[in-house]
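Chain by chain, the residues:
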Amino acid sequence: MKTPSVKLPLLACMVVVTHSSHAMDVELGGFLKMNARHVNGDVEFQDLWTGGGSISEPTKRTQFSAQESRLNLAVSSNEVTGFIEMDFVGSSQGNPVISNSYSPRLRHAFIEYQDVVAGQTWSTLVNTSAFAETADLGGPLVGQAMVRQALIRYTYNDWQFALENPYTYGTDAVNSSAPSQQEWIDTRNDYVPDLIVRYNKKGDWGNISASGIIRYLDPGDTKQLSKGISIAGKFRTFGKDDFRLQLHYGHLGRYVGTDVAKDIIDGELETTLSAMMAYRHFWTQRLRSSIFIGHSTTEVEQTRRNHIGVNLFTNLTPELSVGFEIGQYSINDKSPSYSNEQVDTGHSQYAQLSMQYAFR
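For clarity, every value in this text was computed on a predicted model and none was experimentally measured.

Asks: So what's going on with the overall build of the chain? Which residues, and what values?
Replies: Within the chain one finds zero helices and 20 strands. In the chain, which comprises 360 residues, the share counted as buried stands at 47%. Residue pairs in contact within the chain that sit at least 24 positions apart in sequence constitute 60% of those at least 6 positions apart. For the chain, the accessible surface area stands at approximately 17,600 Å², while carbon and sulfur atoms represent 58% of it.

Below, the structure is given as structure tokens:
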């Protein structure tokens, strides 16, 4: 039974519960994480750099936060495993004046039986081993496949076949009488699940995955077939060092770049080219650095986004890690063909210190 896209991370404890004639294993895991983040520039402050963002007045902002802390629970009996995970990212309930409260949000909730996974988890297009080790949550998301959603997936040897939740993200054709006004697509016509096929190969050298996606998008009865391909992997180099790579091309829309691209723009299928590269070097057994870059471009909307950075991590204990990272996020968009509006460009530098205690 293989689920290479999802790991049960950071297990804290195991409890064996006996019910009737069978035993049930309960595993609790997660981590506590504290961030100190400073951003300086004219791209608006974000808790973490996504592929979105907007140009603002020059800003300097420092924020302390523990909202990335995470809890998960795995329950298994016989051949069935259930997994649920939550964190507190992007769901502010209070404010910095008093409580800094954050609401829990669901990350994963799935059932695994033999070779079938059903529920919400990483999209089959996502190879999590190809994420860089970063202080900024998720790393250079602008160049990565990064979607969690409800799906049904079947694994056969090195192959995976999945039907995933359909959703069309984008805008209808521009009204010629009001070219500056775009309307968001009506999602009532999302009725055909997205189909993803993936092939995985691994060995002592690391692992690589190749995926293809086919989607039937029908906003306003336009009946458009979108296609895309993705290659991702993690490769061992010298000693404990590794190189991580992601390449994505096609009508990938919301699957790649974390809001860098839409599925349809001005009634046209959007084409995206995205890439992420990261090299991790171990200076000692515990001291290590990653240098990374993420980049995405789109054809219709003419977005150009980049994220570069370098960091230094060490483990004070096997469970407690500390990292410091500096980098830059930049927006270099061009004016899309359907609009004559001037597009601003800019960039922001950031520095982030993180401490993470993992439950094992």
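Asks: Requested: an account of empty space enclosed by the protein, with residues and values cited.
Replies: Enumeration over the complete set of coordinates arrives at one cavity of 30 Å³ or more. Of the volumes computed, that of the largest cavity is approximately 80 Å³. In this structure, the largest cavity is lined by Asn35, Arg37, Asp47, Leu48, Gln63, Ser65, Gln67, Glu68, Val89 and Gln352. Only strand S2 (22–43) and strand S3 (55–65) provide two or more residues apiece to the lining of the largest cavity. By residue class, the composition of the lining of the largest cavity is two nonpolar, five polar and three charged.

Asks: Explain the environment of serine 69 to me, and be specific about the residues and the numbers.
Replies: Within the secondary structure layout, serine 69 lies in the loop between S3 and strand S4 (70–77). Through-space distance from the C-alpha of serine 69 to that of phenylalanine 88 is 6.8 Å; in sequence the pair is 19 residues apart. What serine 69 contacts, discounting residues up to four positions off in sequence, is Phe31, Leu32, Lys33, Met86, Asp87 and Phe88. In this structure the side chain of serine 69 is engaged in a polar contact, spanning 3.1 Å, whose partner is the backbone nitrogen of lysine 33. There is a polar contact of 2.9 Å between the side chain of serine 69 and the backbone oxygen of alanine 66.

Asks: Tell me about the pattern of salt bridges, and please be specific about residues and values.
Replies: In the structure shown here, the tally under the stated rule is 15 salt bridges. Note that glutamate 133 and arginine 288 form a salt bridge whose closest N and O atoms lie 2.9 Å from each other. With a gap of 155 residues between them, glutamate 133 in the loop between strand S7 (116–122) and strand S8 (148–156) and arginine 288 in strand S17 (residues 288–298) connect regions that are remote in the sequence. The same class applies to glutamate 133 and to arginine 288, which are both buried. Note that arginine 188 and aspartate 186 form a salt bridge whose closest N and O atoms lie 2.5 Å from each other. What makes aspartate 186 partly exposed here is its relative accessible area of 38%.

Asks: If you had to explain the packing of aromatic side chains to someone new, which residues and values would you point to?
Replies: This structure, assessed with the given rule, holds ten aromatic pairs. Aromatic pair phenylalanine 83 and phenylalanine 110: ring centres 5.5 Å apart, planes at 40°, arrangement tilted. Here the residue phenylalanine 83 occupies a position in strand S5 (residues 80–87), and phenylalanine 110 occupies one in strand S6 (residues 105–113), the gap between them amounting to 27 residues. When its relative accessible area of 5% is taken as the criterion, phenylalanine 110 is described as buried. Over the aromatic face of phenylalanine 45 sits the side chain of arginine 61, whose NZ or CZ is 4.3 Å from the ring centroid. The positively charged end of arginine 148 is found above the aromatic ring belonging to tryptophan 122, 5.0 Å away from the centroid.

Asks: Run through the pairing of strand S18 (residues 304–315), naming residues and quoting values.
Replies: Residues in a regular strand project their side chains so that they alternate between the two faces of the sheet. The pairing of S17 with S18 spans eight bridges and is classified as antiparallel. Following the sheet pairing, histidine 295 is matched in S18 by asparagine 306. The hairpin formed by S17 and S18 contains five residues between the paired strands, and glutamine 302 there has a positive phi angle of roughly 65°. Examined bridge by bridge, S18 and strand S19 (residues 320–331) share eleven bridges and lie antiparallel to one another. Within S19, the position partnered with arginine 305 by the bridge is isoleucine 331. With antiparallel pairing between neighbouring strands as the criterion, S18 and S19 make up a hairpin whose turn holds four residues.

Asks: How would you explain the confidence of the model for the chain if you had to name every residue and give the values?
Replies: Low pLDDT marks stretches whose predicted atomic positions should not be read closely. On average, residues of the chain score 90 in pLDDT, and 89% of them reach the 70 mark or higher. Segment residues 1–13: pLDDT under 50, and 52 contacts once partners within four positions in sequence are set aside and those in other chains are kept.

Asks: Please set out a nonpolar patch on the surface residue by residue, giving values where relevant.
Replies: Together, Leu28, Leu71, Leu73, Ile84, Met86 and Leu106 make up a nonpolar patch on the protein surface, roughly 450 Å² of accessible area in all. Elements with a contribution of two residues or more to the nonpolar patch: S4 and S5. For leucine 28, the location among the structural elements is in strand S2.

Reading guide: rules and limits
- Residues numbered from 1 in each chain as written.
- Predicted model: local features only at pLDDT ≥ 70, side-chain atom pairs only at ≥ 80, totals over all residues.
- Heavy atoms only, no water.
- Helix = DSSP H or I, 4+ residues; strand = E, 2+ residues; numbered from the N terminus.
- Buried < 20%, exposed > 50% of the residue type's maximum accessible area, 1.4 Å probe, protein only.
- Contact = heavy atoms within 4.5 Å.
- Areas by Shrake-Rupley, 256 points an atom, 1.4 Å probe, with all protein chains shown as cover.
- 1 Å grid on protein atoms, 1.4 Å probe; cavity = no way out; pocket = protein on both sides within 12 Å on 5 of 7 lines; lining within 4 Å.
- Points joined across faces, edges and corners; volume = space filled by probe spheres on them.
- Nonpolar A, V, L, I, M, F, W, Y, C, P; charged D, E, K, R; others polar.
- Polar contact = N/O pair within 3.5 Å; in protein donor to acceptor, adjacent residues only side chain to side chain.
- Salt bridge = Lys/Arg side-chain N within 4 Å of Asp/Glu carboxyl O.
- Phe/Tyr/Trp six-rings, centres within 6.5 Å; stacked < 30°, edge-to-face > 60°.
- Lys NZ or Arg CZ within 6 Å of the ring centre and 35° of its normal.
- Pairing = 2+ DSSP bridges.
- pLDDT = per-residue confidence, 0-100.
- Patch = residues over 30% accessible without salt bridge, like charges linked within 9 Å, V, L, I, M, F, W, Y side chains within 5 Å.

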